[in-house]
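# Structural overview
Now for the letters of each chain:
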Amino acid sequence: MKLVFATHNQHKLREIQALLPPNIQLLSLDDISCNEDIPETATTIEDNALLKAQYVQKQYHCNVFADDTGLEVQALNNAPGVYSARYAGEHKSDVDNVQLLLKNMEGISCREAQFKTVIALCLEGVVYTFEGIAKGNISTTPIGTNGFGYDPIFIPENSDKTFAELTQDEKNRISHRGKAFGKLLDFLNQKIQ
């Protein structure tokens, strides 16, 4: 089965390729020559995932899934949320996003947060969604060099390390994306048997 992952993000692609069984060939937007910047204009994580998947399905006539992820910080009224990738501006800099979040968290003792991923799958003309959540806390300084985005400041529950200190395998077992993709993979395995 060929399946398009609606992303140009090589970090995400590598994470997911490591989880897929060999009978599913994963293609990226680059592989199908989709170079346009798909607008993420929805106001929820769920709707952004749907928007991206349905856009690619309609334009390229393929089975496709898209994800959207947000970091929801309790003390910031669940910000940055759907705006996580462009929290510090449209240029989408991970470093700037982390610095702004830490600045906005200065003096705040309640540091509870959660990562939320929603995957929208368009398969044979039907849409399915899958959600994964990883609860944790925001550190006071970035620690670690693995991962991307907010990983250096997110400490998952039952851990004393940030996502950026974990190996890819360790992170996949407990992360929001790993959980959502686990649900997607279970579904796909049932569908293609």
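Every value quoted in this text rests on a predicted model; they were computed, and no experiment measured them.

Rules and cut-offs
All residue numbers refer to positions counted from 1 along the written sequence of the respective chain. Per-residue local features are limited, in this predicted model, to residues with pLDDT of at least 70; the limit for side-chain atom pairs, both in listing and counting, is 80 or more; totals at the level of whole chains, interfaces and linings are taken over all residues. Hydrogens and water molecules were not included; the side-chain quantities draw on all heavy atoms of the structure. UniProt positions are given in the numbering used here, feature names are shortened, and annotations may be inferred rather than shown by experiment. Helix numbering and strand numbering both begin at the N terminus, where a helix is a DSSP run of H or I of at least 4 residues and a strand a DSSP run of E of at least 2. Only heavy atoms matter for contacts: two residues are in contact if any of them lie within 4.5 Å across the pair. Polar contact is the term for a pair of N or O atoms within 3.5 Å; when the atoms are in protein, one must be able to donate a hydrogen and the other to accept it, and sequence-neighboring residues count only if both atoms are side-chain atoms. Strand pairing is defined by DSSP finding a minimum of two bridges between the two strands. Every crossover in which the path from the first strand over the helix to the second runs clockwise, viewed with the strands pointing away from the viewer, is termed right-handed. By definition here, a salt bridge exists when the distance from a side-chain nitrogen of Lys or Arg to a carboxyl oxygen of Asp or Glu is within 4 Å. Three exposure classes are used, based on accessible area relative to the maximum for each residue type with a 1.4 Å probe and protein chains only: buried under 20%, partly exposed in between, and exposed over 50%.

### Quick look at the UniProt feature "binding site: Mg(2+)" (unreviewed entry) in the protein chain
Taking the UniProt record as the reference, the feature "binding site: Mg(2+)" (unreviewed entry) is found at D68. Note on placement: D68 falls in strand β3 (residues 64–73). Apart from the residues lying within four places of it in its own chain, the contact partners of D68 are E40, I45, N48, A49, K52, V82, K116, T117 and V118.

### So, the side chain of N63
As for its position among the elements, N63 is in the loop between α2 (45–60) and β3. In terms of polar contacts, N63 uses its side chain to reach the backbone amide nitrogen of E124, at 2.9 Å.

### Observations regarding the pairing of strand β1 (residues 2–5)
In this sheet, strand β2 (residues 25–28) lies alongside β1 in parallel orientation, the contact comprising four bridges. Along β2, the bridge assignment pairs L3 with L26. Read as a crossover between parallel neighbours, the route from β1 over helix α1 (residues 10–17) to β2 is right-handed.

### Observations regarding the pattern of salt bridges
Counted under the stated rule, the structure contains seven salt bridges. Here K52 makes a salt bridge to D68, at a shortest N to O gap of 3.7 Å. Of this pair, K52 sits in helix α2 while D68 sits in strand β3, and the two are 16 residues apart along the sequence. According to the relative accessible area criterion, D68 is buried, its value standing at 6%. One continuous salt-bridge network, built from bridges that share partners, spans E40, K52 and D68.

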